[in-house]
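# Geometric and topological summary
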Amino acid sequence: MKDKSIKTLRMIGLGFLEPLIRLFSGEEPSKNGKLFFTKALLPLLSIILFVVIWHAGATALYNSEASVRIEKARAEQGEEAAIAMQECIESGDVSCQPNTLPSPKQVFGAFQALWQDHKSISEKKAEFKDKVSATNEQREAQGLDPITYTGRPSFLDQIGTSLKTVAAGCLLAMLIAVPIGIIIGLSESLRTAMNWLIQILKPVSPVVWLLLVFMIVKTVITDPSLDKSFIISFISVGLCAMWATLVNTSIGVTNVHNEYINVAKVLKLSIGQNIFKIILPASLPLIFTGLRITVSVSWMVLIAIELLAQSPGLGSFVWEEFQNGANDSNAKIIVAMFVIGIIGFLLDRIMLSVQNMMSFNKGMA
Amino acid sequence: MAILELNNVSKSFGVGSSKIDVLSDINLKVNEGEFLAIVGFSGSGKTTLINLINGLLFPDKGEVLLKGQPITGPGPDRGVIFQNYSLLPWLSVYSNVKLAVDEVFPKMSKSDKEAHILKYIEMVNLTPAKDKKPKELSGGMRQRVSVARALAMNPEMLLMDEPLSALDALTRGSLQEEIIKIWSQDKKTAILITNDVDEGILMADRIIPLTPGPKATLGPEFKVPFDRPRDVTSINKDEQYKRLRNDILEYLMEVGATRRQTSDQKYILPDLQPVMPGRVIFGKKKYAESVKHF
């Protein structure tokens, strides 16, 4: 039981909890206590330290912005206006709050507000579904499309859309990059032929890819029922992120161990058998390393692409909040920042455990 | 009748000044059903020789004939046991053998195939480990899988490239006996490449030394007169065994020595100042420094 749970934890990348489990089962308390401290408590302490510094910085910025406002009022409208401004700021009135880096407390407040917002929107959605269910059944019988909820998406809905875009983008990247990687890995001349093209296209910025995809998709897709902005954004994400997988796959295929190639030669395997039974399994670890990079790159470029493609998601959420300029907009942007970071971290961990499962070479003498 | 013939075979690698003549003027006839051992020091080109026979390499000069026909590439008629086992780490023992069987007997029915594979896994005593991956096996067990894979192809000839040199002495001894036991069941032609003269005497009918490279060539043959099955302990005490062993070793040493004498290559050694080992004792530093260079 204990060993099994430790193995699972290691597999999913939560190995830092291992000393805690050993500690609870009473195994070498002093050693595991120390390990728990270094592996789990120290990172936690550093996060706390980060929040403290952030709080101090935000307070300093708040004070400096407030004093600038007061001085400005004094210079433009005289002493009375300055006192009024100071009172207004101290009273916490929304109209005259200094607009600067939000403090951790404000960000937490914004997070709660977003959560409440999500709850109320999902309630509305459920209500709407109840209301239209009868009508939708009728419409279905008549062969019409059902009526769907078209209200404002909540923050969680936007996270969902972003994850969907990344998943579609990564799938596209995999479907393009892995076969091409295998082909150019197998043929020396094709590899040399494609090398320059790959080197030139690899560093192209996500924004340019987006514009390029926009030019093509705009012409190719004329059906108005399709979600064009989603198509544009996921294709651009895929194109930006596929290069790591492409390069890694071709390296993996080129560097298949000579032993295995000799086995294939001695057994006289056909080309298809050679690819599927020898080359592909032998290069799987490197392919998955590439896919892991692809996933993290696609999550990183996603925000910029969604922002420009007007596709609903975290990117447009950030941009809308910035344009909005409401009192808690800055805090909401910071919430989005942390959510993006944490989801990116989780995606990376998932890919890491998949990668670990694929590497047969581990522990091989 | 010779099943395998090598006529004036030479092989070199590289071009220009970095060209290395590995093998030169190799002549060899292997008879059907015999167990031949080729003995040589490491680096003498033994693996190159076996790769010429299994078809992974082709000679620069001369010809390699299998049943009178020149070899055009690797084939399932020659089962190869590699020194480094060359098992596919993502496949189980059973699947590793199956990969070979699938290629050689594509028309065999599923149940026949399974019986065939299990028979050879049983032959090398690996039935309990048939679903394990190579990384879960010891070196000796891995080499047995390799033996089973080569035998399951039902080859006309078995080529062994230092199959046992990466194993410890005990495992080595037991695997030697096992390979001989399996070989004596149907007495296929077998070529064993080894750097161990004793191993050659214990296993082979005939031993041919390969002179040290570059430009390695085959020396005179030594017949092994012992009857099969051979018993290690009784052979070890035999006077004939000692003489044979000394003859082969002497030949190899002698060739190595003359080669060194006739070599016109001069090695220029760097002029190094030796440093005296040992620690410097307090107060005696000056003395220690004075003896540092001499």
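Rules used in this analysis
- Residues numbered from 1 in each chain as written.
- Chains lettered and ligands numbered in written order.
- Predicted model: local features only at pLDDT ≥ 70, side-chain atom pairs only at ≥ 80, totals over all residues.
- Helix = DSSP H or I, 4+ residues; strand = E, 2+ residues; numbered from the N terminus.
- Buried ≥ 20, exposed ≤ 12 C-beta atoms within 10 Å, placed from the backbone.
- Pairing = 2+ DSSP bridges.
- Core = buried A, V, L, I, M, F, W, Y, C linked by C-beta atoms within 7 Å.
- Contact = placed C-beta atoms within 7 Å.
- Axes fitted to C-alpha atoms, helices over the stretch in contact; angles between N-to-C directions.

### Examining unusual backbone geometry
Residues and elements named next belong to chain B.
- Even without being a glycine, Ser-86 presents a positive backbone phi close to 50°.
- Tracing the backbone through its elements, the reader meets Ser-86 in the loop between strand 6 (78-81) and helix 2 (93-104).
- In this structure Ser-86 comes out as buried when scored by C-beta crowding, with 22 C-beta atoms within 10 Å.
- Even without being glycine, Glu-162 reaches a positive phi, approximately 40°.
- Mapped onto the elements of the fold, Glu-162 is located in the loop between strand 7 (157-161) and helix 5 (169-186).

### As for the pairing of strand 6 of chain B
Residue and element names in this part refer to chain B.
- Neither face of strand 6 is left uncovered, since the one carrying Arg-78 and Val-80 and the one carrying Gly-79 and Ile-81 both have all their residues buried.
- Note: strand 6 against strand 7, four bridges, orientation parallel. Opposite Gly-79, over in strand 7, you have Leu-158 as the bridge partner.

### Re the nonpolar core
- Ranked by internal contacts, the top residues of the largest apolar core, which has 81 residues, are Ile-38, Val-97, Ile-121, Ala-148, Ala-152, Ile-191 and Ile-207 of chain B.
- For this core, the leading source of residues is helix 4 (residues 139-152) of chain B, giving seven residues.
- Here Val-97 of chain B is in contact with Ile-117, Tyr-120, Ile-121, Ala-148, Arg-149 and Ala-152 of chain B, once residues within four sequence places are set aside.
- Counting residues in each nonpolar core, the second largest holds 47 residues, with Cys-170, Val-247, Val-297 and Ile-340 of chain A among its members.

### A short note on the sheet that holds strand 3 (residues 35-39) of chain B
Residues and elements named next belong to chain B.
- Ordered by their spatial adjacency, six strands build an open sheet running 6-7-8-3-9-10, and the pairing between neighbours is mixed. On the outer flanks of this sheet lie strand 6 and strand 10 (222-223), each paired with one strand and no other.
- One ladder, built from two bridges, connects strand 9 (residues 206-209) with strand 10; its direction is antiparallel. Pairing of Arg-206 across the sheet is with Lys-223, part of strand 10.
- Together, strand 3, strand 6, strand 7 and strand 8 (189-194) form the strand contacts of helix 1 (residues 46-54), whose direction differs from that of strand 7 by roughly 155°.
- Against the sheet, helix 4 touches strand 6 and strand 7, its axis set at about 175° to strand 6.

Nothing here speaks to function; it is all geometry.
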